[in-house]
Amino acid sequence: MSELELASLPVAGLYGRLRPLLPADLRLWLDQGHLPVLFNRYRREYYASSAGIRMTLDTGIAYTLLHGGLLGRLRPSPGAAPGVLEVKYPFERRREVEEALQHLPFRATRCSKYALGIDQLLSR
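Criteria and thresholds
- Residues numbered from 1 in each chain as written.
- Predicted model: local features only at pLDDT ≥ 70, side-chain atom pairs only at ≥ 80, totals over all residues.
- Heavy atoms only, no water.
- Helix = DSSP H or I, 4+ residues; strand = E, 2+ residues; numbered from the N terminus.
- Buried < 20%, exposed > 50% of the residue type's maximum accessible area, 1.4 Å probe, protein only.
- Contact = heavy atoms within 4.5 Å.
- Arc of directions from axis to C-beta.
- Salt bridge = Lys/Arg side-chain N within 4 Å of Asp/Glu carboxyl O.
- Phe/Tyr/Trp six-rings, centres within 6.5 Å; stacked < 30°, edge-to-face > 60°.
- Lys NZ or Arg CZ within 6 Å of the ring centre and 35° of its normal.
- Patch = residues over 30% accessible without salt bridge, like charges linked within 9 Å, V, L, I, M, F, W, Y side chains within 5 Å.
- Areas by Shrake-Rupley, 256 points an atom, 1.4 Å probe, with all protein chains shown as cover.
- 1 Å grid on protein atoms, 1.4 Å probe; cavity = no way out; pocket = protein on both sides within 12 Å on 5 of 7 lines; lining within 4 Å.
- Points joined across faces, edges and corners; volume = space filled by probe spheres on them.
- Nonpolar A, V, L, I, M, F, W, Y, C, P; charged D, E, K, R; others polar.

Participant: Quick one: what's the story with the environment of R43, residue by residue and with numbers?
Facilitator: Its place among the elements puts R43 in strand β1 (residues 38-48). The exposure class assigned to R43 is exposed, which follows from its relative accessible area of 59%. Expressed as a C-alpha distance, the spacing of R43 and L57, which sit 14 residues apart in the sequence, is 8.0 Å. Look past the residues within four positions of R43 in its chain and what remains in contact with it is L57, D58 and T59.

Participant: Run through helix α4 (residues 113-122), naming residues and quoting values.
Facilitator: Considered for burial, the residues of α4 that qualify are K113, G117, I118, Q120 and L121. An end-on view of α4 places all buried positions within 165° of arc, on one side of the element. Exposed residues on α4 whose side chains face more than 90 degrees from its buried face are D119 and L122.

Participant: Run through the pattern of salt bridges, naming residues and quoting values.
Facilitator: Within this structure, the stated rule accounts for 6 salt bridges. When the shortest N-O distance is used, the salt bridge between R94 and E98 registers 2.9 Å. With R94 and E98 both in helix α3 (residues 94-101) and 4 residues apart, the pair spans about one turn of that helix. The structure contains a network of salt bridges with shared partners spanning R44, D58 and K113.

Participant: Can you tell me about the environment of S50, naming the residues and giving the values?
Facilitator: As for its position among the elements, S50 is in the loop between β1 and β2 (54-65). For the pair S50 and S112, spaced 62 residues apart in the sequence, the C-alpha separation amounts to 27 Å.

Participant: Talk me through the packing of aromatic side chains; I want residue IDs and the actual numbers.
Facilitator: Both the distance between ring centres and the angle between the ring planes are used here to describe each pair of aromatic rings. Summed over all chains, the structure comprises 0 aromatic pairs. The ring of Y42 has K113 lying over it, and the distance from NZ or CZ to the ring centre is 4.7 Å.

Participant: Mind laying out a nonpolar patch on the surface, listing which residues take part and the relevant values?
Facilitator: Together, L85, L104 and F106 line one region of the surface with nonpolar side chains, adding up to about 280 Å² of accessible area. One can find L104 in the loop between α3 and α4.

Participant: A description of the layout of surface pockets should follow, citing residues and the corresponding values.
Facilitator: A volume near 960 Å³ is recorded for the largest pocket. As for the largest pocket, its lining consists of 22 residues, of which L85, R107, A108, T109 and C111 are closest to the centre. Elements supplying a minimum of two residues to the lining of the largest pocket: β4 (83-88), α3 and α4. Examining the composition of the lining of the largest pocket, we find that 5 residues originate from one element, β4, more than from any other. Per-class residue counts for the lining of the largest pocket are 13 nonpolar, 4 polar and 5 charged.

Listed below in structure tokens is the structure:
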């Protein structure tokens, strides 16, 4: 956070600080009234195999809604999900990967950390 000095930035100033860093198409999207409403953070670990199978493991997920005040004073609440494991693979490896995933004690589903955070924070 120190590079952009976000900790001492008012939430309302986030738009102005980030806008020049975005590609033109995202600046246009932001200019049309799309403002950030959720702050989320997590720790990500990357794994990859020589067969082209990639995984990311996100842990320490925490959320808070963006409203007035300083970004450095945000106090995210721990997410309901202890972690999210994402697996990406070439189509030709689908059968092999799905077979391997059946042996893990996890439920396979589509997941959006944004949707999880909004659901968690707005259902209180």
